[in-house]
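Listed here are the chains, written in short residue letters.
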Amino acid sequence: MFDLAFYILAVLILGSALMVVTLRNIFHCALFLVLCMFSIAGIYILLEAEFIAAVQVLIYVGAVTILMIFAVMLTHQLTGKTIRQVNDQPIAALFIISSLLVLTLLALSKTTWEVASSSGVSPSATELGRALMTVYVLPFEVVSVVLLVALVGAIVISRGD
Amino acid sequence: MPVPLGYYLGLAAIIFTVGVIGVLVRRNAIIILMSIELMLNGANLTLVAFSVHLQELSGQVFVFLVMTVAAAEAAVGLAIIVMIFRNRESVNVDNLNIMKW
């Protein structure tokens, strides 16, 4: 049951991710990115990390990809079908990609992963919120300042003169 | 946990590799930003899988922070791309040599 859900989500994720990097129409790429992010949220639910799944849907599906679609709409004239979308280094890229994939999967298969004995009970959203407000309160505040700086920076850059 | 940890890690590694393909092969700056988001999602998936299987909360806290930084990065990156398009009429990274001298 869980296995079947995992395989369906994995096929959805990999198919849509490949579409994102291969399709010629950029708007379709952005739509497949939405599907990919949504399926990854499904994987988080399968892992019983429901808070992370909710944040994934809110931030990635709700904000980041919509921002991407806005950027596609604002820069659309020259991104039509006649323009070549691949750069001049496909052979070198293919070499790097295949060696990366082989190395990571080899390392993955050679390692025996230690798993906690009481595996199966995921940390709940309550514990996560308590940890964010106590142990990790300093990174939490720093990241909010980062968000503020990025907001001001994006406005200043795109305002023009 | 019905699905073993290694499956999630393998899926995350493949998502990361697909993101690398996009960054290395495509010429459009927006697609490159999308591929960076894919790579970040692969890393996030690894962190959540470890966090759940090791009963350790810090992985999920870190994913939360990574998502915030990723949103900030997308906002600033897309603002730069829109600005470059306004000046150069192109978002093709082969044509972008403003930073060279």
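Shown above is the structure to which this text applies.
Residues numbered from 1 in each chain as written. Chains lettered and ligands numbered in written order. Predicted model: local features only at pLDDT ≥ 70, side-chain atom pairs only at ≥ 80, totals over all residues. Heavy atoms only, no water.

## Section: the overall build of chain B
- Assigned secondary structure in chain B consists of three helices and zero strands.
- Seen in sequence order, chain B has helices and strands lined up from the N terminus as α-α-α.
- Over its C-alpha atoms chain B spans a radius of gyration of 17 Å, topping by over 25% the 13 Å that the globule rule assigns to 101 residues.
- Seen along its three principal axes, the alpha-carbon backbone of chain B occupies a region of about 50 × 25 × 20 Å.
- In chain B, which comprises 101 residues, the share counted as buried stands at 59%.
- Considering only contacts in chain B between residues 6 or more positions apart, those separated by 24 or more positions represent 56%.
- Split by element, the accessible area of chain B, about 3800 Å² in all, is 69% carbon and sulfur.
- Here chain B carries 5 positive and 5 negative side-chain charges, and the mean point of each set is 14 Å from the other. (Helix = DSSP H or I, 4+ residues; strand = E, 2+ residues; numbered from the N terminus. Rg over C-alpha atoms; globule rule 2.2 N^0.38 Å. Buried < 20%, exposed > 50% of the residue type's maximum accessible area, 1.4 Å probe, protein only. Contact = heavy atoms within 4.5 Å. Areas by Shrake-Rupley, 256 points an atom, 1.4 Å probe, with all protein chains shown as cover. Lys, Arg positive; Asp, Glu negative; His and termini not counted. Charge placed at Lys NZ, Arg CZ, Asp CG, Glu CD.)

## Some details on the overall build of chain A
- A tally of helices and strands in chain A yields six helices and zero strands.
- Along the chain direction, N to C, the helices and strands of chain A fall in the order α-α-α-α-α-α.
- Split into buried and exposed, the 161 residues of chain A put 32% on the buried side.
- Residue pairs at least 24 apart in sequence account for 56% of intrachain contacts in chain A once pairs closer than 6 positions are excluded.
- Working note: accessible area of chain A is about 9600 Å², and carbon and sulfur atoms make up 75% of it.

## Here we look at the interface of chain B and chain A
- The interface of chain B with chain A comprises 70 residues on the first partner and 80 residues on the second.
- Interface area for chain B against chain A, summed over the two sides, is near 6900 Å², with a carbon-plus-sulfur share of 78%.
- Broken down residue by residue, the surface that chain B buries against chain A is led by Arg26(B), Met34(B) and Met67(B), which jointly contribute 10%.
- Applying the counting criterion to the chain B and chain A interface returns four residue pairs in polar contact (both at pLDDT 80 or more).
- When contributions to the side of chain B that touches chain A are tallied by element, the ones reaching two or more residues are helix H1 (5–25), helix H2 (29–53) and helix H3 (58–88) of chain B.
- Broken down by element, the side of chain B that touches chain A gets its largest block of residues, 22 residues, from H3(B).
- The residue makeup of the side of chain B that touches chain A, split by class, is 49 nonpolar, 15 polar and six charged. (Buried area = accessible area lost by both parts, 1.4 Å probe. Polar contact = N/O pair within 3.5 Å; in protein donor to acceptor, adjacent residues only side chain to side chain. Nonpolar A, V, L, I, M, F, W, Y, C, P; charged D, E, K, R; others polar.)

## A short note on the nonpolar core
- If you look at the biggest cluster of nonpolar residues, it comprises 66 residues, and the most contacted ones within it are Ile43(A), Met34(B) and Leu38(B).
- Sorting the residues of this core by element identifies helix H1 (2–22), helix H2 (26–46), helix H3 (50–74) and helix H5 (125–133) of chain A together with H1, H2 and H3 of chain B as the ones contributing at least two each.
- Shared between two domains, this core takes at least three residues from each, and those domains are domain 1 (1–78) and domain 2 (129–161) of chain A.
- Other than its neighbours up to four places away in sequence, Met34(B) contacts Val20(A), Ile26(A), Cys29(A), Ala30(A), Leu33(A) and Met68(A). (Core = buried A, V, L, I, M, F, W, Y, C linked by side-chain atoms within 4.5 Å. Domains from an automatic or database assignment.)

## Side note on the packing of H1(A) against H2(A)
Residue and element names in this part refer to chain A.
- Between H1 and H2, the shortest axis-to-axis distance is 8 Å and the interhelical angle comes to 155°. Here H1 lies roughly antiparallel to H2, going by the angle between them. When you trace H1 past H2, the crossing you get is left-handed. Across the interface between the two elements, Phe2, Ala5, Phe6, Leu9, Leu12, Ile13, Ser16, Ala17, Met19 and Val20 from H1 touch Cys29, Phe32, Leu33, Leu35, Cys36, Ser39, Ile40, Gly42, Ile43 and Leu46 from H2.
- Each residue belonging to the contact of H1 with H2 can be placed in one class, and the counts come to 17 nonpolar, three polar and no charged. (Axes fitted to C-alpha atoms, helices over the stretch in contact; angles between N-to-C directions. Parallel < 35°, antiparallel > 145°, perpendicular 65-115°, else oblique. Left-handed = near helix turned anticlockwise from the far one by under 90°.)

## Some remarks on the side chain of Ser35(B)
- Position of Ser35(B) relative to the elements: it lies in helix H2.
- A relative accessible area of 0% means that Ser35(B) is categorised as buried.
- Setting aside anything within four residues of it in sequence, one finds Ser35(B) in contact with Val21(A), Gly19(B), Gly22(B) and Val23(B).

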